[in-house]
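# Fold and contact review
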Amino acid sequence: QVQLVESGGGLVQAGGSLRLSCAASGTIFSINSMGWYRQAPGNERELVARISSGGFTNYADSVKGRFTISRDNAKNTVYLQMNSLKPEDTAVYYCNADINTGRFIRSSGYWGQGTQVTVSS
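Residues numbered from 1 in each chain as written. Predicted model: local features only at pLDDT ≥ 70, side-chain atom pairs only at ≥ 80, totals over all residues. Heavy atoms only, no water.

### Looking at the sheet that holds strand E7 (residues 67–72)
What counts is decided by this rule: Here, a strand pair is defined by DSSP locating no fewer than two bridges between the strands. Helix numbers and strand numbers start at the N terminus; a helix is a DSSP run of H or I with at least 4 residues, a strand a run of E with at least 2. As a rule, the C-alpha atoms of each element are fitted with a line to give its axis, helices using only the stretch in contact, and angles between N-to-C directions run from 0 to 180 degrees.
Strand order across the open sheet formed by four strands is E1-E3-E8-E7, with antiparallel pairing between neighbours. The sheet is open, and its two edges are formed by strand E1 (2–7) and E7, each paired on a single side. Between one strand axis and the next, the sheet turns by 15 degrees as a mean value, whatever way the strands run. Relative to strand E3 (residues 18–26), E1 runs antiparallel, the two being bridged by six bridges. When the sheet's bridge partners are listed, Val-2 is paired in E3 with Gly-26.

See below:
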């Protein structure tokens, strides 16, 4: 059983910063890629950023230059540093991780419960 627990969301003014964290726990053999997605009301869930086990990153065009994804493999944790926040960044942010629960078990994707980020103008 695997759990992803997010923290760090909240209310911030435009131009401000927030740092999201997501810690994976449970029966974990290895973690492949980890990432952050977001979903605003009335919109589909969209990719914000992902990071591979080797540290390679990719970002949505809308957040490039403002957001930075990183991970601490020793802590099974992924972070999202969000700077220069805009009202259009307002959404529920979800953590996702591709996890192997055993050496010979195919990996599966797991989701956190989501954390609200609200940016006021």
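### Notes on the side chain of Arg-71
What counts is decided by this rule: Only protein chains enter the area calculation, which uses a 1.4 Å probe; residues under 20% of their type maximum are buried, those over 50% are exposed, and those in between are partly exposed. We score Asp and Glu as negative and Lys and Arg as positive, and we do not count His or the chain ends. Every case where a carboxyl oxygen of Asp or Glu lies within 4 Å of a side-chain nitrogen of Lys or Arg is listed as a salt bridge. Definition of a polar contact: a pair of N or O atoms within 3.5 Å, with one able to donate and the other able to accept a hydrogen when the atoms are protein atoms, and with sequence-neighbouring residues admitted only if both atoms are side-chain atoms. Residue contacts are counted whenever heavy atoms from the two residues lie within 4.5 Å of one another.
Looking at where Arg-71 falls in the secondary structure, it is placed in strand E7. One buried charged residue, Arg-71, remains without a salt bridge, the closest side chain of opposite sign being Asp-72 at 8.3 Å. Within the structure, the side chain of Arg-71 is placed 2.7 Å from the backbone oxygen of Asn-32, a separation counted as a polar contact. For Arg-71, the side chain forms a polar contact with the main-chain oxygen of Ser-52, separated by 3.0 Å. Arg-71 has contacts with Ile-31, Asn-32, Ser-33, Met-34, Ile-51, Ser-52, Ser-53, Thr-77, Val-78 and Tyr-79, leaving out every residue within four places of it along the chain.

### Quick word on the pattern of salt bridges
One pass over the full model with this rule turns up four salt bridges. The shortest N-O distance in the salt bridge between Asp-89 and Arg-38 comes to 3.0 Å. Residue Asp-89 is found in the loop between strand E8 (77–82) and strand E9 (91–100), and its partner Arg-38 is found in strand E4 (residues 30–39); the two are separated by 51 residues along the sequence. With respect to class, Asp-89 is no different from Arg-38; both count as buried. Where Asp-89 meets Arg-66, a salt bridge forms, and the shortest distance between an N and an O atom there is 2.8 Å. In this pair, Asp-89 is assigned in the loop between E8 and E9 and Arg-66 in the loop between strand E6 (57–59) and E7, connecting sequence segments 23 residues apart. In this structure, Asp-89 and Arg-66 share a single accessibility class: buried. Connected through salt bridges with shared partners, the residues Arg-38, Glu-46, Arg-66 and Asp-89 form a single ionic network.

### Notes on the environment of Phe-56
Turning to its location among the elements, Phe-56 is positioned in the loop between strand E5 (46–51) and E6. For the pair Phe-56 and Asn-73, spaced 17 residues apart in sequence, the C-alpha to C-alpha distance is 13 Å. The contact partners of Phe-56, leaving out residues within four places of it in the chain, are Arg-50 and Ile-51.

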